[in-house]
Amino acid sequence: MSALQLAPRERLIVALDEPTGAQALEWVDRLGDAVGFYKIGMELLASGDYFSVLDALARRDKKIFVDLKFFDIPATVAGVIAGLSRWPVTFATIHGWHAPMMQAAAQARRGELRLLAVTVLTSMDRGDLAAMGIDADPQDVVVQRALAAQAAGIDGVICSGLEAAPVRAAAGAGFDIVCPGIRPAGSAVGDQKRVLDVAQAFAAGADAIVVGRPIRQASDPRAAAEAIQQQILAVQQTA
């Protein structure tokens, strides 16, 4: 696949990390046209409302990112991706740790669905990798996994903004880079360890960013989302 074409206002993906579908959709209503792309992940899955929220987002003409980080034997992941391809989903995540699994997922994908390989979670640093038996800097691991994902036919990666530039240099144009762990100036870092701000992430080569708590915890969430949109537009205009 070629690179995904996103409008400037679709490059902000807001994480709907809410325990119920009703609460998730309250955020969609509250943010209105300030946000056109949403990520729905594991917390919402446990509510039982996951696919009703997915349907509701599609009816509202929102782009959808299914962030469930699939990881299993190749046949199982292929079956999941084939099934998910029937839904109006733009992005879905799989773990980028096993080439045969990634190849099976890529071959099972249909339609407009694009797969992103999770490289190293933004809540992890070198110490966390060492505890898992990986003696390497996160940047090196991310680039290695990005290239393995690309070779397997995966469309792009999830990585921190700190690794966006080396991934872009290694993988080239046309490979999607989506960066979570983005913290606008003045935002609390929370449980994230590898973070950049909005402008830095796009300058490094990100195609889209994922933001959750800095918007949801703002005194005026819609204004916070609009402020990020203006930062994205400014970066795009100077690129």
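Quick caveat: nothing in here was measured; it's all calculated off a predicted structure.

### Some details on the overall build of the protein chain
1) Next: For the protein chain, the count of helices and strands is 11 helices and eight strands.
2) Next: Relative to its length of 239 residues, the protein chain is compact, with a C-alpha radius of gyration of 17 Å against a globular reference of 18 Å.
3) Next: Summarising its shape, the C-alpha atoms of the protein chain cover approximately 45 × 35 × 35 Å along the three principal directions.
4) Next: In the protein chain, buried positions account for 52% of the 239 residues.

### Observations concerning the UniProt feature "active site" (unreviewed entry) in the protein chain
1) Next: Per the UniProt record, "active site" (unreviewed entry) is annotated on Lys69.
2) Next: Checked against the element boundaries, lysine 69 lands in strand β3 (residues 63-70).
3) Next: For lysine 69, a relative accessible area of 22% gives the class partly exposed.
4) Next: When sequence neighbours within four positions are dropped, the list of residues in contact with lysine 69 reads Met42, Thr93, Ile94, His95, Val118 and Leu121.
5) Next: In terms of polar contacts, lysine 69 uses its side chain to reach the side chain of aspartate 67, at 2.9 Å.

### A look at the packing of aromatic side chains
1) Next: Within the structure shown, the criterion is met by five aromatic pairs.
2) Next: Here phenylalanine 37 and phenylalanine 91 contribute two aromatic rings whose centre-to-centre distance is 5.7 Å and whose plane-to-plane angle is 10 degrees, an arrangement assigned as stacked. Linking phenylalanine 37 in strand β2 (residues 37-40) with phenylalanine 91 in strand β4 (residues 91-95), this pair joins segments that are 54 residues apart in sequence. No difference in accessibility class separates phenylalanine 37 from phenylalanine 91, as the two residues are buried.
3) Next: Between phenylalanine 51 and tryptophan 87 the ring centres are 4.5 Å apart and the planes differ by 45 degrees, which places this aromatic pair in the tilted class. Of the two residues, phenylalanine 51 sits in helix α3 (residues 50-59) while tryptophan 87 sits in the loop between α4 (74-84) and β4, which places them 36 residues apart along the sequence.
4) Next: Through pairs of rings, three or more aromatic residues link up here, namely Phe37, Phe65 and Phe91.

### Some details on a nonpolar patch on the surface
1) Next: On the surface, Phe71, Trp97 and Met132 cluster together into a nonpolar patch covering about 320 Å² of accessible area.
2) Next: Within the fold, methionine 132 resides in the loop between α6 (126-131) and α7 (138-152).

Conventions we followed
- Residues numbered from 1 in each chain as written.
- Predicted model: local features only at pLDDT ≥ 70, side-chain atom pairs only at ≥ 80, totals over all residues.
- Heavy atoms only, no water.
- Helix = DSSP H or I, 4+ residues; strand = E, 2+ residues; numbered from the N terminus.
- Rg over C-alpha atoms; globule rule 2.2 N^0.38 Å.
- Buried < 20%, exposed > 50% of the residue type's maximum accessible area, 1.4 Å probe, protein only.
- UniProt positions renumbered as here; feature names shortened; annotations may be inferred.
- Contact = heavy atoms within 4.5 Å.
- Polar contact = N/O pair within 3.5 Å; in protein donor to acceptor, adjacent residues only side chain to side chain.
- Phe/Tyr/Trp six-rings, centres within 6.5 Å; stacked < 30°, edge-to-face > 60°.
- Patch = residues over 30% accessible without salt bridge, like charges linked within 9 Å, V, L, I, M, F, W, Y side chains within 5 Å.
- Areas by Shrake-Rupley, 256 points an atom, 1.4 Å probe, with all protein chains shown as cover.
- Salt bridge = Lys/Arg side-chain N within 4 Å of Asp/Glu carboxyl O.

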